[in-house]
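Structural overview for review
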Amino acid sequence: MNILGIETSCDECAASIVEDGKKILSNIVTTQIPFHAEYNGVVPEIASRMHTQWISLVVKEALDKASMHPSDIDAVAASAHPGLLGSLLVGLNFAKAFAWARDIPFLAVDHMLAHLYAPMLEFDDIDYPFLGLLVSGGHTIICRADNFDDIRVLGTTMDDAAGEAFDKVSKHYGFGYPGGYIIDELSQKGNPNAFNFPLPSLHKGNHKYDVSYSGLKTAAINQLEKFRVAETYDMHDIAASFQKTAVEILLRSLFRAVEDTGLKTIVAGGGVAANSYLRAAMSERKDLRVIFPSLSLCGDNAAMIAGLAYCYLARGESSSLRATASARVKSFKRQGR
Ligand code: KG4
Ligand code: ZN
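Residues numbered from 1 in each chain as written. Chains lettered and ligands numbered in written order. Predicted model: local features only at pLDDT ≥ 70, side-chain atom pairs only at ≥ 80, totals over all residues. Heavy atoms only, no water.

Here we look at the overall build of the chain
Stated precisely, the cut-off is as follows: For helices the rule is a DSSP run of H or I covering at least 4 residues; for strands it is a run of E covering at least 2, with both sets numbered from the N terminus onward. We take the radius of gyration over the C-alpha atoms and set the globule estimate at 2.2 Å times the residue count to the 0.38 power. Relative accessibility thresholds used throughout: buried, under 20% of the residue-type maximum; exposed, over 50%; partly exposed, between the two (1.4 Å probe, protein chains only).
The number of helices and strands found in the chain is 11 helices and 11 strands. Against the globule reference of 20 Å for 337 residues, the chain gives a C-alpha radius of gyration of 20 Å, in line with a compact fold. The C-alpha extent of the chain, read off along each of the three principal axes, is 65 × 45 × 30 Å. For the chain, the proportion of its 337 residues judged to be buried stands at 53%.

What follows is the structure, encoded as structure tokens:
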């Protein structure tokens, strides 16, 4: 079964064709980063307008790369939530029109569930249950996955998402956008122990697995002035020290969840899962099986959308053409609340 996946939740306009939820026949990801960079962040109005201009071309390229005609597509899926509403609607409505015109099933899927599905495109031996670490520009979620659509949130962020913290600090330091990738690059030549940034003190009760980035962000921004006065600082060291602390914040909560649940498999996903320090630090835990998608499947892509859609179709499920977009995370349950 060939499924066309469409992803337009933020600033990537992507289309992919995946066979039977596993075999990627094409995976086209176009990014709008150069158009948002001058604003140091994604401008929703620009994003939705560009998706409107690009979506047909991107879908055509996905079909061409797979040497397929629209009549070879058996079902079409798109991200429905969470994301920027105007952007989501472009991909969702395109997918609905495609499905309606060809009289094939349509699936509105959750973008975060799809990030968690991404490694399944590359690994055949990931068994439920496992712990998920979903870290992107908009979300930070530590969760327990009992099935592809049975996800319980254990912890989340009290303020900024992990990627958002990277992006905001990068913006303030004048490093550029998107901050995560740039800080990671700069850190390669920096000393992660050069500066001490604070860790939040969230370790009890309902917040045991939550994270917070506001303290780190404020400290990192305030320190810049002191560093400037000293005039001897090295931007690589600042980047590396910030990155190390940002990752430690995630790992403290994640490893607490490992101890408490006894789960030994962790699946990471989302743009921040591309972070080299995070990947290295998690891989040091030899007692755990840590699974990262390859870099091209960490960030937003449509192969994960098509792959996840197959799981629903295999269960005989599809969506109504009335399904609509939402800016919020919808498909996750919250543990014990
Ligand atoms: O999953 P994604 O592509 O889009 C969202 O759904 O948000 O994630 C984008 C986020 C951005 O905040 C970006 O700065 C961050 O992922 N990111 C990274 C790295 N590459 C991208 N953060 C840390 N290290 C990286 N190497
Ligand atoms: Zn994403």
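Section: the packing of helix H5 (residues 162-173) against helix H6 (residues 179-187)
Helices that pack against each other are described as a pair by the angle of their axes relative to one another and the distance between those axes. Rule in force here: Lines fitted to C-alpha atoms define the axes, with helix axes restricted to the stretch in contact, and inter-axis angles between N-to-C directions lie between 0 and 180 degrees. Orientation categories follow fixed angle ranges, with anything under 35 degrees roughly parallel, anything over 145 roughly antiparallel, 65 to 115 roughly perpendicular, and all other angles oblique. Residues count as neighbours in contact if any of their non-hydrogen atoms are within 4.5 Å of one another. Ten residues, namely Ala, Val, Leu, Ile, Met, Phe, Trp, Tyr, Cys and Pro, are considered nonpolar, four, namely Asp, Glu, Lys and Arg, are considered charged, and the remaining ones, Gly among them, are considered polar.
Where H5 meets H6, the closest approach of the two axes is 7 Å, and the angle between their N-to-C directions is 70°. When the axes of H5 and H6 are compared, the pair comes out roughly perpendicular. For the pair H5 and H6, the contacting residues are Phe-166, Asp-167, Val-169 and Ser-170 in the first and Gly-179, Gly-180 and Ile-183 in the second. Grouping the amino acids of the contact of H5 with H6 by side-chain chemistry returns three nonpolar, three polar and one charged.

Details of the coordination of the zinc ion (ligand 2)
For clarity, the cut-off: A donor here means any N, O or S atom no more than 2.8 Å from the metal (3.2 Å for Na, K and Ca); water is not included, so a site may seem to lack partners.
Taken together, the protein donors to the zinc ion (ligand 2) comprise His-111 (NE2), His-115 (NE2) and Asp-300 (OD), at separations of 2.1 to 2.2 Å. On the primary sequence, the residues serving as donors to the zinc ion (ligand 2) are separated as H-x3-H-x184-D. Taken together, the residues His-115 in helix H4 (residues 111-117) and Asp-300 in the loop between helix H10 (295-298) and helix H11 (303-314) connect sequence positions 185 residues apart. You'll find His-115 and Asp-300 in the same group, each marked buried.

Describing the domain arrangement of the chain
Which entries qualify depends on this criterion: For the purposes of this description, domain bounds are those given by an automatic or database domain assignment. The quantity reported as buried area is the accessible area (1.4 Å probe) lost by two parts once they are put together, taken as the sum for both. Between Lys or Arg on one side and Asp or Glu on the other, a salt bridge is scored when a side-chain nitrogen of the former is within 4 Å of a carboxyl oxygen of the latter. Here a polar contact means two N or O atoms within 3.5 Å. Within protein one must be a hydrogen donor candidate and the other an acceptor candidate, and residues neighboring in sequence count only if both atoms are side-chain atoms.
Under the domain assignment, the chain is made up of domain 1 (2-116 + 298-334) and domain 2 (127-292). Its C-alpha centre places domain 1 at a distance of 27 Å from the equivalent point of domain 2. On the domain 2 side, the residues contacting the 22 residues of domain 1 number 31 residues. Together, the buried faces of domain 1 and domain 2 total about 2,200 Å²; carbon and sulfur atoms form 65% of this surface. Scanning the region where domain 1 abuts domain 2 turns up one salt bridge. Asp-149 serves as the salt-bridge partner of Arg-315, at 2.6 Å between the closest nitrogen and oxygen. In this structure, the connection of domain 1 to domain 2 is made through five residue pairs in polar contact (both at pLDDT 80 or more). Going through the elements one at a time, helix H1 (33-37), H4, H11 and strand S11 (332-334) are the ones with two or more residues in the side of domain 1 that touches domain 2. Looking at which element gives the most residues to the side of domain 1 that touches domain 2, the answer is H4, with four residues.

Things to note about the sheet that holds strand S3 (residues 23-31)
Rules: Paired strands, as defined in this entry, are two strands with at least two bridges between them according to DSSP.
Reading across the sheet, the five strands line up as S3-S2-S1-S4-S5 and stay open at both edges, with mixed pairing between neighbours. Lying at the two open borders of the sheet, with one neighbouring strand each, are S3 and strand S5 (106-110). Going from strand to strand, the sheet's axes swing by 20° on average, the running direction of each strand aside. Direction of pairing for strand S4 (residues 75-81) relative to S5: parallel, over a ladder of five bridges. Paired with His-81 across the two strands is Asp-110, which belongs to S5.

Regarding the nonpolar core
The following threshold applies: By nonpolar core is meant a set of buried Ala, Val, Leu, Ile, Met, Phe, Trp, Tyr and Cys residues that side-chain atoms within 4.5 Å join together.
Ranked by internal contacts, the top residues of the largest apolar core, which has 46 residues, are Tyr-173, Tyr-213, Phe-242 and Leu-278. For this core, the elements supplying multiple residues, two or more each, are strand S6 (130-135), H5, H6, helix H7 (214-230), helix H8 (235-261), strand S9 (265-269) and helix H9 (276-283). No other element matches the 12 residues that H8 contributes to this core. When sequence neighbours within four positions are dropped, the list of residues in contact with Tyr-213 reads Thr-157, Asp-159, Asp-160, Ala-161, Ala-162, Ala-165, Ala-246, Ile-249 and Leu-250. Membership of the second largest hydrophobic core comes to 36 residues, among which are Ala-77, Ala-118, Phe-148 and Ile-151.

Re the site of ligand 1
Rule in force here: The rule for a residue being near a molecule or strand is that one of its heavy atoms must lie within 4 Å of it. Note on areas: these come from Shrake-Rupley sampling with a 1.4 Å probe, and a residue is covered only by the protein chains present in the view.
Near ligand 1 you find 19 residues, and of these Gly-137, Asp-167, Asp-184, Gly-271 and Asn-275 are the closest. At 3.4 Å, a side-chain N or O of His-111 approaches an oxygen atom of ligand 1. His-115 has a polar side-chain atom sitting 3.4 Å from an oxygen atom of ligand 1. For ligand 1, whose free accessible area comes to 560 Å², the fraction covered by protein is 86%. Going through the elements one at a time, H4, H5 and H6 are the ones with two or more residues in the shell around ligand 1.

Details of helix H3 (residues 85-102)
Put simply, the rule is: Between the first and last residue of a helix there are one fewer steps than residues, each counted as 1.5 Å, and that sum is the expected span.
Over its 18 residues, H3 extends 26 Å from the first C-alpha to the last, a length consistent with the 26 Å expected when each residue adds 1.5 Å. For H3, the complete set of buried residues consists of Ser-87, Leu-88, Val-90, Gly-91, Leu-92, Ala-95, Lys-96, Phe-98 and Ala-99. Buried positions along H3 lie against strand S1 (2-7), helix H2 (44-65), S4 and S5. Asp-103 occupies a position one or two residues after H3 and carries a positive phi of about 55°.

Topic: the side chain of Asn-275
Here Asn-275 lies in the loop between S9 and H9. Asn-275 gets classed as buried once you look at its relative accessible area, which sits at 5%. Apart from residues lying up to four places away in sequence, Asn-275 is in contact with Phe-166, Asp-184, Gln-243 and Val-247.

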